[in-house]
2 protein chains.
Amino acid sequence: MLNGLSEGELTPREEVLRRIDALRKRMVEHGLNYGIIIQNVDMYYFAGTLQKGLLFIPIEGEPLLFIERTLERARYESPIDVIPIRKDRDVREIIDGKGILKGQGGMELDVVPVTLFERWKNILGLGMVKDISPLIRDVRMIKSPFEIKQIKKSGEIITRVFEKGREIIKEGMSEMEIGSLLELEGRKAGHQGFLRMRGLNQEMMSTYVTHGISGVIQSHGDVPISGVGVTHAIAQGPSLNRVRKGVPVLIDYGGGYNGYITDETRPYVIGEMKDIFKKAYDVAREIVDETLSVLKEGVNGTEIFDMALKKAKKARMEEYFMGYGPTKVSFIGHGLGLEINELPVITPRHNIPLKEGMVFAFEPKFVIPGEGAIGIEIDIIVRKEKAERVTDFPLDVVYI
Amino acid sequence: MLNGLSEGELTPREEVLRRIDALRKRMVEHGLNYGIIIQNVDMYYFAGTLQKGLLFIPIEGEPLLFIERTLERARYESPIDVIPIRKDRDVREIIDGKGILKGQGGMELDVVPVTLFERWKNILGLGMVKDISPLIRDVRMIKSPFEIKQIKKSGEIITRVFEKGREIIKEGMSEMEIGSLLELEGRKAGHQGFLRMRGLNQEMMSTYVTHGISGVIQSHGDVPISGVGVTHAIAQGPSLNRVRKGVPVLIDYGGGYNGYITDETRPYVIGEMKDIFKKAYDVAREIVDETLSVLKEGVNGTEIFDMALKKAKKARMEEYFMGYGPTKVSFIGHGLGLEINELPVITPRHNIPLKEGMVFAFEPKFVIPGEGAIGIEIDIIVRKEKAERVTDFPLDVVYI
């Protein structure tokens, strides 16, 4: 149906069934008899389609994929049989007939708004409902070979965008001009159009370009460097700030392919880079190199953070490490997948032995007040023996 | 602080106070003693900043703007005094001391997720909380002169993008190529970067390009024409479909300036347009012309819809009007502002006498199976005597 129009590979049936089984296992462990999924990203993950509807997963028997709009797309996209509904209330009758609504269930209470939750409780006559999101996020944390294939394609978009950066960055250009040209390049390379971040008020752009002062001004997001944006109505992203020699232009770009997000950062400099940035870059580089050399299954996320912090301290750059002052962030890495804020989080607060198939962005960055920001961000796949990088774009400062 | 980096005009103090007073009036009418606002868009509307925090509006006394991150930006952006907090729990103590938490309050329950709501209920020891969103949406429905100024600037971006369309559209180009070049043009013209739509799973792009079959394939969104997208993980927007002669390329573009969204559509055609599209375009054009000639304060939204439907019926095009088959939509217009799904909705189901200062997108469109889609979308400001258009880009088919 979508041949020649759309290029994203459909999710194989075995893949969808494996994901649903992994969730069921966790549901049983947590005493849940059923899960109700309505958020589009989770639907896409568990049913292979994000057409409008509801996915009902009982701990036993077939999952029920109710679709209101559109049936055609859902049938084409999902390996699960589609049950057509005209309106949300139609779900009740079909579920009631199956006797699967007993006991305690789960819904995505971290994203489902209160009025919508009340509506579904009322329609289905639900009793006790727990938040199923921690279980979903836990399943989604380990990426399958199919997912890693999508992630690598997403990473190829980053590589192409970073290559383009070499060509286009010139003295006097605004961050906004650079950002929009890079965005064009990303779309040409097949970027899906936008990226997703889970939770209320979690918004993001594909392209962040910061330079000097705009790397230092912080904003609402829990990120080390957010950019200023062109309006305080957005308050992030490239600004009208113009590029000068010797100060890094930091390109933080998010690839997006078939739903899968990647997220890397490189510094570009016109001419000779100022010493303070060189010093900070060298520490970031050492942190990346050391992390890549030791990272494999079994290493704890907290160890990775500690090693990085130790290097920053040793170089007497701790003050600038992962932000400055009250807006310093407490993580150095975040899980990647269909959303940019997946698990694992690499932070001293999240004790987690890393496992084969986890994918995360690792971003040692330094914010130096009065000067600017610099750092590196790479995407890493955890493997049994040795971590694998998602892209192969070099880690060096790109001198122009 | 943001001089030279960011260009969005800050919200004046009188404007913010007027908005808060309008909400308070409605709160009193609905028996609410206080309102708690945490969604970023509503914060931006009522406080002039969307930095991370909480806005507490008691029915009497000063509004309290608690900000966690960043104080600097919030202080610069908001005309309300900022109360610094380190973490969400700090809000409790300050509010408790003022004795303003009595009786029934309101929160944005249409967007606040269940777990976040429970967290705030627990922190503040809240009793009965009602959904304050209908009151907020009602206040936001009438735009002030300050807002209309922002909306017109947003409309200027559309005009520039539509002009660019004349230059770039060529036979054989993909929708994606066209869309990404238009997006570049929009950013060069100062587009804020992304648009907002209220509610769970409500996602959108700035640029929709559809052509022939991609105008006919529907998706999950409640819109007449959504596009196919490059992946079913997004399932909307420009696709890889390539432009042929005689079939309209429909450009549906959303401007975004200082938070304010505009949304217009024009058809572009290479060579002579096929007759079926000419016929549909002529009906759409007549609907737009008639609507503009009668629309002013006091006219009901339902009358506008009825007039349009009557024209479609008379031309025997009712079957294709606002979609085809089960995915036909039931509205011909939607309110614009900081979100693209504001009030009023122009539909037979929403009985509303139009008022000076309402702004909406009006979009008579036809979806013809096997052929494609065509239509016009313009943004309209309701005035006492005669409706005003937001942009001045011509309504004609753009022949290339």
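What you see is a predicted model; the values in this text were computed from it and never measured. (Residues numbered from 1 in each chain as written. Chains lettered and ligands numbered in written order. Predicted model: local features only at pLDDT ≥ 70, side-chain atom pairs only at ≥ 80, totals over all residues. Heavy atoms only, no water.)

A. Seen up close, the domain arrangement of chain A. Residue and element names in this part refer to chain A. What the domain assignment lists for chain A is domain 1 (13-139) and domain 2 (142-399). With centres defined by C-alpha atoms, the gap from domain 1 to domain 2 works out at 34 Å. Listed by partner, the interface residues are 17 residues for domain 1 and 14 residues for domain 2. Both sides of the domain 1 and domain 2 interface together cover about 1200 Å² of buried area, and 46% of this is carbon and sulfur. Of all residues in domain 1, the largest losses of buried area upon contact with domain 2 belong to Val41, Tyr44 and Arg137, amounting jointly to 43% of the total for that side. Linking domain 1 with domain 2 are three salt bridges, by the criterion used here. Inspection of the region where domain 1 meets domain 2 yields seven residue pairs in polar contact (both at pLDDT 80 or more). Contributions of two or more residues to the side of domain 1 that touches domain 2 are made by helix H1 (13-29), helix H2 (40-47) and helix H6 (133-141). (Domains from an automatic or database assignment. Contact = heavy atoms within 4.5 Å. Buried area = accessible area lost by both parts, 1.4 Å probe. Salt bridge = Lys/Arg side-chain N within 4 Å of Asp/Glu carboxyl O. Polar contact = N/O pair within 3.5 Å; in protein donor to acceptor, adjacent residues only side chain to side chain. Helix = DSSP H or I, 4+ residues; strand = E, 2+ residues; numbered from the N terminus.)

B. Broad picture of the packing of aromatic side chains. Going through the model one piece at a time under the given rule, you end up with 12 aromatic pairs over all chains. With a centroid separation of 5.3 Å and 15° between ring planes, the pair formed by Tyr34(B) and Phe56(B) is classed as stacked. In this pair, Tyr34(B) sits in strand S1 (residues 34-37) while Phe56(B) sits in strand S2 (residues 52-58), placing the two residues 22 residues apart along the sequence. For the pair formed by Tyr34(B) and Phe56(B), the shared burial category is buried. Where Tyr45(B) meets Phe46(B), the ring centres are 4.8 Å apart and the plane angle is 85°; that geometry is what we call edge-to-face. Aromatic rings pair up to connect Phe305(A), Phe321(A) and Phe366(A) into one cluster. Note that Arg19(A) overlies the ring of Tyr45(A), its terminal NZ or CZ placed 4.3 Å from the centroid. Geometry around Tyr45(A) places Arg140(A) over its ring, the cationic atom sitting 5.8 Å from the centre. (Phe/Tyr/Trp six-rings, centres within 6.5 Å; stacked < 30°, edge-to-face > 60°. Buried < 20%, exposed > 50% of the residue type's maximum accessible area, 1.4 Å probe, protein only. Lys NZ or Arg CZ within 6 Å of the ring centre and 35° of its normal.)

C. A look at empty space enclosed by the protein. Taken as a whole and assessed by the stated rule, the structure comprises 10 cavities of 30 Å³ or more. Its boundaries defined by the atoms lining it, the largest cavity holds a volume of some 1000 Å³. Lining the largest cavity are 49 residues, with Gln202(A), Glu203(A), Met197(B), Gln202(B) and Glu203(B) positioned closest to its centre. Taken together, the elements giving at least two residues each to the lining of the largest cavity come down to H2 and helix H8 (175-188) of chain A together with helix H2 (40-47) and helix H8 (175-188) of chain B. Looking at the lining of the largest cavity, its residues break down into 20 nonpolar, 16 polar and 13 charged. (1 Å grid on protein atoms, 1.4 Å probe; cavity = no way out; pocket = protein on both sides within 12 Å on 5 of 7 lines; lining within 4 Å. Points joined across faces, edges and corners; volume = space filled by probe spheres on them. Nonpolar A, V, L, I, M, F, W, Y, C, P; charged D, E, K, R; others polar.)

D. The arrangement of the packing of helix H1 (residues 13-29) of chain B against helix H6 (residues 133-141) of chain B in detail. All names here are of chain B. Packing of H1 against H6 brings their axes to within 9 Å, and their N-to-C directions diverge by 135°. The angle between H1 and H6 falls in the class oblique. Here H1 and H6 pass one another in a crossing that is right-handed. Here Arg19, Ala22, Leu23, Arg26 and Met27 of H1 come into contact with H6, specifically with Leu135, Ile136, Asp138 and Val139. (Axes fitted to C-alpha atoms, helices over the stretch in contact; angles between N-to-C directions. Parallel < 35°, antiparallel > 145°, perpendicular 65-115°, else oblique. Left-handed = near helix turned anticlockwise from the far one by under 90°.)

E. View of the interface of chain A and chain B. The interface is formed by 73 residues belonging to chain A together with 73 residues belonging to chain B. Carbon and sulfur atoms supply 61% of the area buried between chain A and chain B, which totals about 6300 Å² over both sides. Contact with chain B buries surface across chain A, with Leu5(A), Arg69(A) and His232(A) losing the most and accounting together for 14% of the total. Applying the counting rule to chain A against chain B returns two salt bridges. Here Glu203(A) makes a salt bridge to Arg196(B), at a shortest N to O gap of 2.5 Å. Counting the contacts that link chain A with chain B gives 44 residue pairs in polar contact (both at pLDDT 80 or more).

F. Here's a closer look at the sheet that holds strand S16 (residues 388-389) of chain B. Residue and element names in this part refer to chain B. Judged by pairing direction, the sheet is antiparallel, and its five strands sit side by side in the order S11-S10-S12-S15-S16 without closing on themselves. Two strands close off the open sheet at either side, each with one partner strand: strand S11 (342-346) and S16. Of the pairings in the sheet, the one linking strand S10 (residues 333-335) to S11 comprises three bridges and is antiparallel in character. Bridge pairing links Gly333 to Ile346 in S11. The sheet strands contacting H6 are S11 and strand S12 (359-362), and the helix crosses S11 at an angle near 80°. (Pairing = 2+ DSSP bridges.)

G. Geometry of the side chain of Glu342(B). Residue and element names in this part refer to chain B. Checked against the element boundaries, Glu342 lands in strand S11. Relative accessible area serves as the criterion here: at 5%, Glu342 is assigned to the buried category. A polar side-chain atom of Glu342 sits 3.0 Å from the main-chain amide nitrogen of Glu339. If sequence neighbours within four positions are ignored, Glu342 has contacts with Arg137, Arg140, Lys143, His334, Gly335, Leu336 and Gly337.

H. A look at the environment of Gln104(B). Within the fold, Gln104(B) resides in the loop between helix H4 (90-96) and strand S5 (105-107). Separated by 237 residues in sequence, Gln104(B) and Asn341(B) have C-alpha atoms that sit 28 Å apart.

I. Representation of the sheet that holds strand S7 (residues 207-211) of chain B within the structure. Residues and elements named next belong to chain B. A sheet is described by the order of its strands in space; here four strands give the open sequence S7-S8-S9-S17, paired in mixed fashion. The open sheet is flanked by S7 and strand S17 (398-399), the only strands paired with a single partner. Pairing geometry for strand S8 (residues 249-257) and strand S9 (residues 260-269), over nine bridges, is antiparallel. Of the residues in S9, the one forming a bridge with Tyr253 is Glu264. Each of S8, S9 and S17 touches helix H7 (residues 145-168); the most contacted strand, S9, lies at about 25° to it. The strands that H8 touches are S7 and S8; relative to S7, the one it contacts most, it runs at about 150°.

J. Just unusual backbone geometry, in detail. With an omega dihedral of 0°, the bond running from Leu343(A) to Pro344(A) counts as a cis peptide bond. Looking at the element boundaries, Pro344(A) is found in strand S11 (residues 342-346). Residue Arg69(B) is joined to Thr70(B) through a cis peptide bond whose omega torsion reads -10°. Its place among the elements puts Thr70(B) in the loop between strand S3 (64-69) and helix H3 (71-77). You will see that Ala235(B), though not glycine, has its phi angle at about 60°, which is positive. Here Ala235(B) lies in the loop between S7 and S8.

K. Looking closely at the packing of H2(A) against H6(A). All names here are of chain A. Two elements in contact, H2 and H6, have axes whose closest approach is 12 Å; the angle formed by their N-to-C orientations is 50°. Classified by the angle their axes make, H2 and H6 are oblique. Pair H2 / H6 crosses with left-handed handedness. Residues Val41, Asp42, Tyr45 and Phe46 of H2 touch H6, and the partners they reach there are Ile136, Val139 and Arg140. Residue composition of the contact of H2 with H6, grouped by class: five nonpolar, no polar and two charged.

L. Representation of the side chain of Arg196(B) within the structure. Relative to the assigned elements, Arg196(B) resides in the loop between H8 and S7. For Arg196(B), a relative accessible area of 7% translates into the label buried. Side-chain polar atoms of Arg196(B) contact the backbone oxygen of Ala233(A), separated by 2.9 Å. In this structure, Arg196(B) is in contact with Glu203(A), Ala233(A), Ile234(A), Asn40(B), Val41(B), Leu50(B), Ile261(B), Leu338(B), Glu339(B) and Ile340(B), ignoring residues within four places of it in sequence.

M. How the structure looks around the relation of the copies chain A and chain B. The two copies are related by a screw motion: chain A maps onto chain B through a turn of 180° and a shift of 0.0 Å along the axis, at an RMSD of 0.0 Å. Interpreted geometrically, this transformation is the action of a two-fold axis. Rotation axis and chain A: the residue whose C-alpha lies nearest the axis is Pro113(A), separated from it by 1.9 Å. Most of the interface of chain A is mirrored in chain B, where 100% of its interface residues again form contacts. (Least-squares fit on C-alpha atoms with pLDDT ≥ 70 in both.)

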